[in-house]
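Coordinates in review
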Amino acid sequence: MIARLTPRPLRGEIAALPSKSQAHRALICAALAKGKTRIVCGQTGQDVEATVRCLRALGAEIEYDGTAYTVAPITVPAQDAVPDVGESGSTLRFLLPVACALGVNTEFVMHGRLARRPLEPLWSELRRHGAVLERGENTIRAGGKLAGKDFSLAANVSSQFLSGILFALCVMGGGSLHLETAMESAPYFDMTCDALERFGAELIKEETLIRLASGSLQSPGELAVEGDWSNAAFWLCADRIGGSRLTVTGLDPASRQGDRAAPACIDAICAGNAVIDCGQIPDLVPPLASLAAFCPGRTVFAGAARLRLKESDRIESVVQMLKSLGAEAGALPDGLWVEGQRCLPGGTVDACGDHRIAMAAAICAPGCEGPVTIRGAEATEKSYAGFWKDYVNLGGCLTWEEEP
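Read on for an overview of the structure. (Residues numbered from 1 in each chain as written. Predicted model: local features only at pLDDT ≥ 70, side-chain atom pairs only at ≥ 80, totals over all residues. Heavy atoms only, no water.)

Pairing between side chains becomes possible if they bear opposite charge and their charged atoms approach one another. Within the structure shown, the criterion is met by 22 salt bridges. Close ionic contact of arginine 298 with glutamate 339 constitutes a salt bridge, the shortest N to O distance being 2.8 Å. Here glutamate 339 lies in strand β22 (residues 335-339) and arginine 298 lies in strand β20 (residues 298-302), a separation of 41 residues in the sequence. Classification of glutamate 339 as partly exposed rests on a relative accessible area of 22%. The closest approach of N and O atoms between glutamate 311 and arginine 314, which form a salt bridge, is 2.7 Å. Across the pair, arginine 314 and glutamate 311 agree in class, each one buried. The network of salt bridges with common partners includes Lys20, Asp47, Asp283, Lys310, Glu311, Arg314, Asp354, Arg356 and Lys382. (Salt bridge = Lys/Arg side-chain N within 4 Å of Asp/Glu carboxyl O. Helix = DSSP H or I, 4+ residues; strand = E, 2+ residues; numbered from the N terminus. Buried < 20%, exposed > 50% of the residue type's maximum accessible area, 1.4 Å probe, protein only.)

Right, let's talk about unusual backbone geometry for a bit. Negative phi is the rule for most residues except glycine; trans is the rule for most peptide bonds. Looking along the chain, the bond that leaves glutamate 120 and enters proline 121 is cis, with omega of 10°. Summarising the element assignment, proline 121 is placed in the loop between β9 (105-110) and α4 (122-128). Positive phi is not limited to glycine here, since cysteine 352 has a value of about 60°. Positionally, cysteine 352 belongs in the loop between β23 (347-350) and α11 (355-364). Using a relative accessible area of 37% as the deciding quantity, one classes cysteine 352 as partly exposed.

Inspection of the secondary structure assignment puts alanine 274 in the loop between α8 (262-271) and β19 (275-277). On the accessibility criterion, alanine 274 (6% relative accessible area) is buried. Taking the C-alpha atoms as reference points, alanine 274 and lysine 389, 115 residues apart in sequence, are found 33 Å from one another. Those residues in contact with alanine 274, other than ones at most four positions away along the chain, are Ala268, Ile269, Arg298, Thr299 and Val300. (Contact = heavy atoms within 4.5 Å.)

For the rest of this paragraph, the subject is the environment of alanine 361. Here alanine 361 is to be found in helix α11. Judged by its relative accessible area of 0%, alanine 361 falls in the buried class. A sequence separation of 37 residues divides alanine 361 from serine 324, and the C-alpha atoms of the two residues are 9.6 Å apart. Not counting residues within four places of it along the chain, the set of residues in contact with alanine 361 comprises Met321, Leu325, Val349, Val372 and Ile374.

Estimates place the volume of the largest pocket at around 480 Å³. Lining the largest pocket are 33 residues, and of these Ser90, Arg117, Gln160, Asp283 and Lys310 lie nearest its centre. For the lining of the largest pocket, the elements supplying multiple residues, two or more each, are α1 (20-32), α3 (89-102), α5 (159-171), α7 (229-238) and α11. When the residues that make up the lining of the largest pocket are grouped by side-chain class, the tally is seven nonpolar, 12 polar and 14 charged. Here the second largest pocket is characterised by a volume of approximately 190 Å³. Around the second largest pocket, the lining residues are Gln22, Ala26, Met191, Asp194, Ala195, Arg198, Phe199, Leu223, Ala224, Glu226, Ser255 and Arg256. Sorting the residues of the lining of the second largest pocket by element identifies α1, α6 (186-198) and β17 (222-224) as the ones contributing at least two each. The element that contributes the greatest number of residues to the lining of the second largest pocket is α6, accounting for four residues. Class assignment of the residues belonging to the lining of the second largest pocket gives a composition of six nonpolar, two polar and four charged. (1 Å grid on protein atoms, 1.4 Å probe; cavity = no way out; pocket = protein on both sides within 12 Å on 5 of 7 lines; lining within 4 Å. Points joined across faces, edges and corners; volume = space filled by probe spheres on them. Nonpolar A, V, L, I, M, F, W, Y, C, P; charged D, E, K, R; others polar.)

A few words on the packing of aromatic side chains. Within the structure shown, the criterion is met by nine aromatic pairs. For the pair phenylalanine 94 and phenylalanine 167, a centre-to-centre distance of 5.5 Å together with 80° between the ring planes defines the contact as edge-to-face. Taken together, the residues phenylalanine 94 in helix α3 and phenylalanine 167 in helix α5 connect sequence positions 73 residues apart. Through a chain of ring-to-ring contacts, the aromatic side chains of Trp235, Tyr384, Phe387, Trp388, Tyr391 and Trp400 assemble into a single cluster. The cationic tip of arginine 298 hangs over the ring face of tryptophan 337; the distance from NZ or CZ to the ring centre is 3.9 Å. (Phe/Tyr/Trp six-rings, centres within 6.5 Å; stacked < 30°, edge-to-face > 60°. Lys NZ or Arg CZ within 6 Å of the ring centre and 35° of its normal.)

Have a look at this one:
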């Protein structure tokens, strides 16, 4: 679908939607725990739905009433499963090790760019522990069963690999994970550890070693998913663009989410000539880059090389999105730069099948002189199913057209 946005300030108050990252982890822990768990979680997106769908395929029973999930854990794993992970990298990286630990013959089905995103060194480590893995064009077949409880992984590729191993160790009754390098996206790994501890896991954390003393998880009964800083960052940035005035509620400044750094980054960019280290907060780059296009001086985003492996090559797609709207921007080996100006002409953007590019383009509209047209605008449903409804409720002027 094509979204056409007429420049207009956004005004009002909006509640942060539930944290996608925390929802993934809570659902997986609940599926591996003893007893039923009620997870309070309102509006979600396709990625969380993918995790629910895959956990059901592996043997969990999950019901959703629009406000909360009720999860009955996996007691008898499926013998054979064909879980569809959609385009959710988190779902695949968390549940591939779990399926291998359960010993389920599994064929994961992938969509979009996910099939081309790397799985090393997780792939080799799972095979070293007994998993039988085969990669097709859009599938991954997993068989065998993990043996041994001592795992070792480089920690600078994806924290999701590390989280997946911890979930597998819960199935295996405990074990250890050695970190071969310094960790990137450490806050996301901390969220996994917090989720496991909330379900009663005993974790012993050393500098380069994580020990899971017991894999037995216990349901806490009920828990609520906190507000999502990653998606809220789009509204927090929009608040500084084109005379918009927005308030976001339901965010915890003390959250484990790394993207709680958004307000500090926003202040630095608005002050001018900022250099933002994105090593721990790569998901903030699209909204922050949109904001930077309207702020004084040149903003440099560094430490973001992993953005090339997202739903799009997110360095190139952010740069092209901004250039399409009339901004000055360019790619760097590990990030990008954006030259600020008072307003942009507007133009047509290709969302590149990437939810964060579509939302980043949308928040630019209030600061543009002419209309902003977004091709593939439905990509927002991956993480924020109600984004466009919220955009209109905040005063945005939006019309839809079918793709030619």
